[in-house]
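# Understanding the architecture of this molecule
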Amino acid sequence: GTYPPLRDPGPRTVSMGADLAPGLGSSTFFRGRDRRHFSLGLFGAWSGAIEGAALSAGLDVVTGDVEGAQIAGLGAYTHETVTGVQLAGGGALRRRDVEGAQIAGGAALAWGDLRGLQSSGGLAMTRGSVRGLQNGALAALVGGDLSGLQAGTVGWVGGTLRGAQLGVVTMNGGAIGGQVGLL
């Protein structure tokens, strides 16, 4: 005979999820679609959303929103919005907006708008607009407008700068405020 198709239960809220690596642990059962209050990953973790805190020694992947803190030793990736803190030793990537702080040792990348702080030991880049502070030791890049302060060896604002821009090489689409650079 024929069997009816299995129903997808959709996202499920759990108090805690733990993974040895993304896809090996709690995420094996929920396929990275669970909403976790606390997530723990040894080499990494994969969850659908975080409402609380995620801590991984390696790579932490969240396919939905993060409301709280996402902390990873190697890399942190959030597909949707981060409201809170995203912190990574290597790279931090967000596909949507950031409200709070995004801090990374290597590269901090946000594809949406940023309200708050974006700081990196290497590259800090936001495709949208920034309202707050952006600091990239090597380069700080904003695709849209910047209202606040940008600091980096190379600083670039694609839109209007409303505030201050500090660096060795600074460029913008038009400044209402201060710009300090050698070039």
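Structure report, in brief. (Residues numbered from 1 in each chain as written. Predicted model: local features only at pLDDT ≥ 70, side-chain atom pairs only at ≥ 80, totals over all residues. Heavy atoms only, no water.)

A complete count under the given rule lists five salt bridges for this structure. A salt bridge links arginine 36 to aspartate 34, with the nearest nitrogen and oxygen atoms 2.6 Å apart. For arginine 36, a relative accessible area of 0% gives the class buried. We note a salt bridge from arginine 35 to glutamate 51, for which the minimum N-O separation is 3.4 Å. Highlighted residues: arginine 35 in strand S3 (residues 35-41) and glutamate 51 in strand S5 (residues 49-56), separated in sequence by 16 residues. Overall, the relative accessible area of 28% leaves arginine 35 in the partly exposed class. (Salt bridge = Lys/Arg side-chain N within 4 Å of Asp/Glu carboxyl O. Buried < 20%, exposed > 50% of the residue type's maximum accessible area, 1.4 Å probe, protein only. Helix = DSSP H or I, 4+ residues; strand = E, 2+ residues; numbered from the N terminus.)

On to the nonpolar core, then. Val98, Ala110, Leu114, Val130, Val142, Leu146, Val157 and Leu161 together form the largest nonpolar core, which totals eight residues. Contributing elements (two or more residues each) for this core: strand S15 (130-142) and strand S16 (146-157). Setting aside chain neighbours within four positions, we find leucine 146 in contact with Val130, Gln134, Val157, Thr160, Leu161, Arg162 and Ala164. (Core = buried A, V, L, I, M, F, W, Y, C linked by side-chain atoms within 4.5 Å. Contact = heavy atoms within 4.5 Å.)

Mapped onto the elements of the fold, alanine 140 is located in strand S15. Through-space distance from the C-alpha of alanine 140 to that of threonine 153 is 7.7 Å; in sequence the pair is 13 residues apart. Each residue touching alanine 140, except ones within four places of it in the same chain, is listed here: Ala124, Gln134, Gln150, Ala151, Val154, Gly155 and Trp156.

Take the side chain of glutamine 134 next. Turning to its location among the elements, glutamine 134 is positioned in strand S15. Within the structure, glutamine 134 has its side chain in polar contact with the side chain of glutamine 118 (distance 2.8 Å). Within the structure, glutamine 134 has its side chain in polar contact with the backbone oxygen of alanine 124 (distance 3.3 Å). In contact with glutamine 134, other than residues within four places in its own chain, are Gln118, Ala124, Met125, Thr126, Ala140, Leu141, Val142, Leu146, Leu149, Gln150 and Ala151. (Polar contact = N/O pair within 3.5 Å; in protein donor to acceptor, adjacent residues only side chain to side chain.)

On to the pairing of strand S12 (residues 107-110). Sheet analysis places strand S10 (residues 91-94) next to S12, joined by four bridges and oriented parallel. Bridging from a neighbouring strand, leucine 93 pairs with leucine 109 of S12. In this sheet, strand S14 (residues 123-126) lies alongside S12 in parallel orientation, the contact comprising four bridges. What sits directly across from leucine 109, in S14, is methionine 125. (Pairing = 2+ DSSP bridges.)

Just geometry here; none of it tells us what the structure is for.
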